[in-house]
Amino acid sequence: MAASREIEHIAAQWLARRESGEWPAAAQAELDAWLARATAHRVAFVRLQAAWAQAARLQALVGAAPDARAGSGAAAPVRAAWDDAATARRDAAEAAAASPLRIDALTFKPRAASARASRWPYAAAAAVAVLAVGLGWGWLHYGALERSSYRTALGKTDEVALADGSRATLSSDSRIEVALSGARRRVELAQGEAFFDVAKDPGRPFAVEAGARRVVAVGTHFSVRRDGADLRVVVTEGTVRLESEPVGGHPQPTTLLPAGSIALAGPNGVLVRSVPVEEAERYVDWRHGFLVFRDTPLAQAAAEFNRYSARKLVIADAAAGELRVGGNFRWSNAEMFVELLEQAMPVKAERLPDRIVLRSR
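Residues numbered from 1 in each chain as written. Predicted model: local features only at pLDDT ≥ 70, side-chain atom pairs only at ≥ 80, totals over all residues. Heavy atoms only, no water.

Participant: Could you give me a rundown of the overall build of the protein, with the residues and numbers involved?
Facilitator: A tally of helices and strands in the protein yields ten helices and 18 strands. A total of 361 residues make up the protein; the buried ones form 43% of that total. Long-range pairs, those at least 24 residues apart, make up 52% of the contacts in the protein between residues at least 6 apart in sequence. Here the protein has roughly 18000 Å² of accessible surface; of this, 52% comes from carbon and sulfur atoms. (Helix = DSSP H or I, 4+ residues; strand = E, 2+ residues; numbered from the N terminus. Buried < 20%, exposed > 50% of the residue type's maximum accessible area, 1.4 Å probe, protein only. Contact = heavy atoms within 4.5 Å. Areas by Shrake-Rupley, 256 points an atom, 1.4 Å probe, with all protein chains shown as cover.)

Have a look at this one:
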């Protein structure tokens, strides 16, 4: 949550500076660069702009600013401006008290009639910014912070930054739907596989949903892979909770998965293996371009390669599919894998434009 608070404060500072009336082109360029840096920056700034527009009474402070060129007749506007500023301070304090965000106290001091008029827009901007943060934080707690969709093409992987500070790495031909708010963090794994580096936020659990299953974490590292109705969860750091929807009206047990857990969930239930963390990490080496096999049936190894390439490896007979393979292989180079098979195992490959057929010899 700290990262979100910092973004809110920075956005408020940008808004106050822009509305002060002194806004050179260089400042706009800096703001544009900050907004382009992250979705969270743009969301926070747009939200505060909306709060600014709604705070019409606070904006009236700018219109009540004394004219530096006025003589003794400027005393009345100063008084009116001070009264409005006091009211603004009261409203900002009430907004801050109603918000879970702690906002530093805002102090207004009356100025002499000869004070420079250029200082008043800053005071008004600061007041609006404080109220905007209060209003914005309340919206953050209840409204949607981010709704986004990410996907990768076949043979591509991608790492994306989420607005809450978490990161998701999508495997080949994968898609996730993200919905983040101040109350919860929800990701739907529509297809494929994704690895999540979750930002710690005990008040907002991070849930990955895939079909009838849900994986819940607070701050940890884990991957979720979806194969039809089957799900695989690999935990490399921390602990996650694997939940299932009721079946036939009967609630299903919840499974806690600490680091080193590999869970396979399917129609017949959940099977969990506990392995050293180093071994669990091999299951997510696809992030670095590798597939790792340890005494793996060739049919299963071929299926893994097929997740990353349009040119499929086809097993022609059961004897070939049952052969065992091991080693680290680049998923982008299935041809090299096939050449090694032909050299080391009783396998013959038939290379066709759209597939490579593997048969025993």
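Participant: Residue-level account of unusual backbone geometry, with values.
Facilitator: Backbone geometry at Asp173 places phi at a positive 50°, although glycine is not the residue there. Inspection of the secondary structure assignment puts Asp173 in the loop between strand E3 (167-170) and strand E4 (175-181). A positive phi angle is found at Asp295, which is not glycine, with a value near 55°. Position of Asp295 among the secondary structure elements: in strand E14 (residues 290-297).

Participant: Tell me about the sheet that holds strand E17 (residues 347-352), residues and numbers included.
Facilitator: With mixed pairing, three strands are arranged side by side in an open sheet as E15-E18-E17. For this open sheet the edge positions go to strand E15 (312-315) and E17, each flanked by a neighbour on one side alone. Looking at each pair of strands side by side, their axes are set apart by 25° on average, direction ignored. Helix H8 (residues 298-306) contacts E15, E17 and strand E18 (355-360) of the sheet and is inclined by roughly 160° relative to E15. The strands touched by helix H10 (residues 334-344) are E15, E17 and E18; relative to E17, the strand with the most contacts, the crossing angle is about 145°. (Pairing = 2+ DSSP bridges. Axes fitted to C-alpha atoms, helices over the stretch in contact; angles between N-to-C directions.)

Participant: Give me the packing of aromatic side chains: which residues, what numbers.
Facilitator: The description of an aromatic ring pair rests on the distance of the ring centres and on the angle between the ring planes. As enumerated under the stated definition, the model contains nine aromatic pairs in all. With a centroid separation of 6.2 Å and an interplanar angle of 90°, the aromatic rings of Trp14 and Trp23 are classed as edge-to-face. The exposure class assigned to Trp23 is partly exposed, which follows from its relative accessible area of 22%. A connected cluster of aromatic rings, assembled from ring pairs, spans Phe293, Phe305, Phe329 and Phe337. One residue, Arg287, lies across the ring of Phe195, its end atom 4.0 Å from the ring centre. (Phe/Tyr/Trp six-rings, centres within 6.5 Å; stacked < 30°, edge-to-face > 60°. Lys NZ or Arg CZ within 6 Å of the ring centre and 35° of its normal.)

Participant: Describe the pairing of E17, listing the residues and the values that go with them.
Facilitator: Note: E17 against E18, six bridges, orientation antiparallel. Looking across to E18, one finds that Val347 is bridged to Ser360. Remark: two residues form the turn of the hairpin made by E17 and E18, two consecutive strands paired antiparallel.

Participant: I'd love a proper account of the pattern of salt bridges, names of residues and values included.
Facilitator: Under the definition given, this model contains 18 salt bridges. With its nearest N and O atoms 2.6 Å apart, the salt bridge here joins Arg167 to Glu159. Given the relative accessible area of 35%, Arg167 is considered partly exposed. One network of salt bridges, with partners in common, ties together Glu193, Arg225, Asp227, Arg232, Glu304 and Arg307. (Salt bridge = Lys/Arg side-chain N within 4 Å of Asp/Glu carboxyl O.)

Participant: How would you sum up the side chain of His41? Please name residues and give values.
Facilitator: Turning to its location among the elements, His41 is positioned in helix H3 (residues 39-54). Sequence-distant contacts of His41, that is, excluding residues within four places in its chain, are made with Ile7, Trp34 and Leu35.

Participant: I'd like to hear about H10, residue by residue, with values.
Facilitator: For H10, the set of buried residues is Ala334, Phe337, Val338 and Leu341. The arc that holds every buried residue of H10, seen down its axis, measures 100°, which confines them to one face. Opposite the buried face of H10, at more than 90 degrees from it, the exposed residues are Gln343 and Ala344. On its buried side, H10 packs onto E14, H8, E15, strand E16 (324-330), E17 and E18. (Arc of directions from axis to C-beta.)

Participant: Explain the pairing of strand E10 (residues 239-244) residue by residue, including any values.
Facilitator: Taken together, the four bridges between strand E7 (residues 213-217) and E10 define a ladder with antiparallel strand orientation. Considered in E10, the bridge of Arg213 is made with Ser244. For E10 and strand E11 (residues 255-258), the ladder comprises four bridges, and the chain directions are antiparallel. From the neighbouring strand, Arg241 faces E11, where its bridge partner is Leu256.

Participant: Could you give an account of the nonpolar core, naming the residues involved and the relevant values?
Facilitator: Nonpolar side chains in soluble globular proteins tend to end up buried together. With 41 residues, the main nonpolar core has Ile176, Phe196, Val208, Val215, Phe222 and Val233 as its most contacted residues. Element by element, the count of residues in this core is highest for helix H1 (residues 2-19), at five residues. In contact with Phe222, not counting residues within four places along its chain, are Ala194, Phe195, Phe196, Val198, Phe206, Val208, Val215, Ala217, Val234, Val235 and Val240. Residues Val284, Tyr308, Ala334 and Ala349 belong to the second largest nonpolar core, which totals 24 residues. (Core = buried A, V, L, I, M, F, W, Y, C linked by side-chain atoms within 4.5 Å.)

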